[in-house]
Amino acid sequence: MKITLLAACAENNAVIGADGDLPWSLPSDLKRFKEYTKNKIVVMGSSTFESLPVFLYDRVSIVLSSSGEKVQAKVDKLKTKFNTPSPIVVMDSIEALIDAMEVIIDFAKNSNPNIDTTELVIIGGESVYTQFLPIADKLVLSLVKGEIYGDKFFPRFDRDVWNKTSIEKDIKEETDEYEYSVLVMECSDSNIYKFPDGERISKLDTYKLINR
């Protein structure tokens, strides 16, 4: 399973949030987010889950939180507007999530027959991005242009080990507040080869081996 960090951040300073919300209005980027994450497993922190205005339908959501009661309270709040919740799993740490990955994949398949279990998509916030960055295989970043300020940031990463695979520039639809670009990068050391048979081990599997 490959791990992708999906984020929108300010081009000038890597801001991703301000006061618990997005510091911009970019409906076209939200549409991209929905299309990219459809039928996938997404991972988020409790603050990101708290900020959601709706259930993430057609996806299986993993919330990293030490308080299942807090997550349940948010679910109950959303259920007052949307009768049917989407599948949600609560884990208290990245280590617990990785240890339970096989169980989560089975749950996801049972919840959504169309689920893609080859990619785990990390959608925020700052702490969760930071924790997953060392074992990530891919970055999909919407880089928002303009002088934008906030209190949450996308983590710094070593560009020497990330290769640009595509970039789409100068995106701005009528309803968008800012112009932005979409940059896709893949990690040049995203796989380790085990010799003498040359078997490829993913970063996720490497993490499991190291932390057992």
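For the structure itself, look to the data block above.
On a predicted model such as this, the values are computed, not experimentally measured, just so you know.

Definitions and cut-offs
Residues numbered from 1 in each chain as written. Predicted model: local features only at pLDDT ≥ 70, side-chain atom pairs only at ≥ 80, totals over all residues. Heavy atoms only, no water. 1 Å grid on protein atoms, 1.4 Å probe; cavity = no way out; pocket = protein on both sides within 12 Å on 5 of 7 lines; lining within 4 Å. Points joined across faces, edges and corners; volume = space filled by probe spheres on them. Helix = DSSP H or I, 4+ residues; strand = E, 2+ residues; numbered from the N terminus. Nonpolar A, V, L, I, M, F, W, Y, C, P; charged D, E, K, R; others polar. Salt bridge = Lys/Arg side-chain N within 4 Å of Asp/Glu carboxyl O. Buried < 20%, exposed > 50% of the residue type's maximum accessible area, 1.4 Å probe, protein only. Pairing = 2+ DSSP bridges. Axes fitted to C-alpha atoms, helices over the stretch in contact; angles between N-to-C directions.

1. Quick word on the layout of surface pockets
- The computed volume of the largest pocket comes to approximately 1,200 Å³.
- Considering the residues around the largest pocket, the lining is formed by 42 residues, among which Leu 22, Thr 48, Ser 51, Leu 52 and Ile 123 are closest to the centre.
- Counting only elements with at least two residues in the lining of the largest pocket, the list comes to β1 (2–10), β2 (15–17), α1 (27–37), α2 (46–51), α6 (126–132) and β7 (138–144).
- It is α1 that provides the largest number of residues to the lining of the largest pocket, a total of 7 residues.
- Taken together, the residues that form the lining of the largest pocket break down as 22 nonpolar, 12 polar and 8 charged.

2. What about the pattern of salt bridges?
- One pass over the full model with this rule turns up 4 salt bridges.
- With its nearest N and O atoms 3.0 Å apart, the salt bridge here joins Arg 32 to Glu 168. Of this pair, Arg 32 sits in helix α1 while Glu 168 sits in strand β9 (residues 162–171), and the two are 136 residues apart along the sequence.
- You can call Glu 168 partly exposed: its relative accessible area is 39%.
- Lys 145 is the salt-bridge partner of Glu 179, the closest N and O atoms lying 3.1 Å from each other.

3. What to know about the pairing of strand β10 (residues 180–187)
- For β10, the tally of buried residues reaches 7 of 8 residues, placing the bulk of the element in the interior.
- Of the pairings in the sheet, the one linking β7 to β10 comprises 7 bridges and is antiparallel in character. The residue bridging Leu 139 from the neighbouring strand is Met 185, located in β10.
- Sheet topology note: the β9/β10 ladder contains 7 bridges and is antiparallel. Of the residues in β10, the one forming a bridge with Trp 162 is Cys 187.

4. Things to note about the sheet that holds strand β3 (residues 40–45)
- Pairing is mixed in the open sheet, where 8 strands are placed in the order β5-β4-β3-β6-β1-β7-β10-β9. With partners counted over all chains shown, the strands left at the sheet margins are β5 (88–91) and β9, one partner each. The average undirected angle you get between the axes of adjacent strands in this sheet is 20 degrees.
- Pairing geometry for strand β4 (residues 60–64) and β5, over 4 bridges, is parallel. Its bridge partner being in β5, Ser 61 is matched across the sheet by Ile 88.

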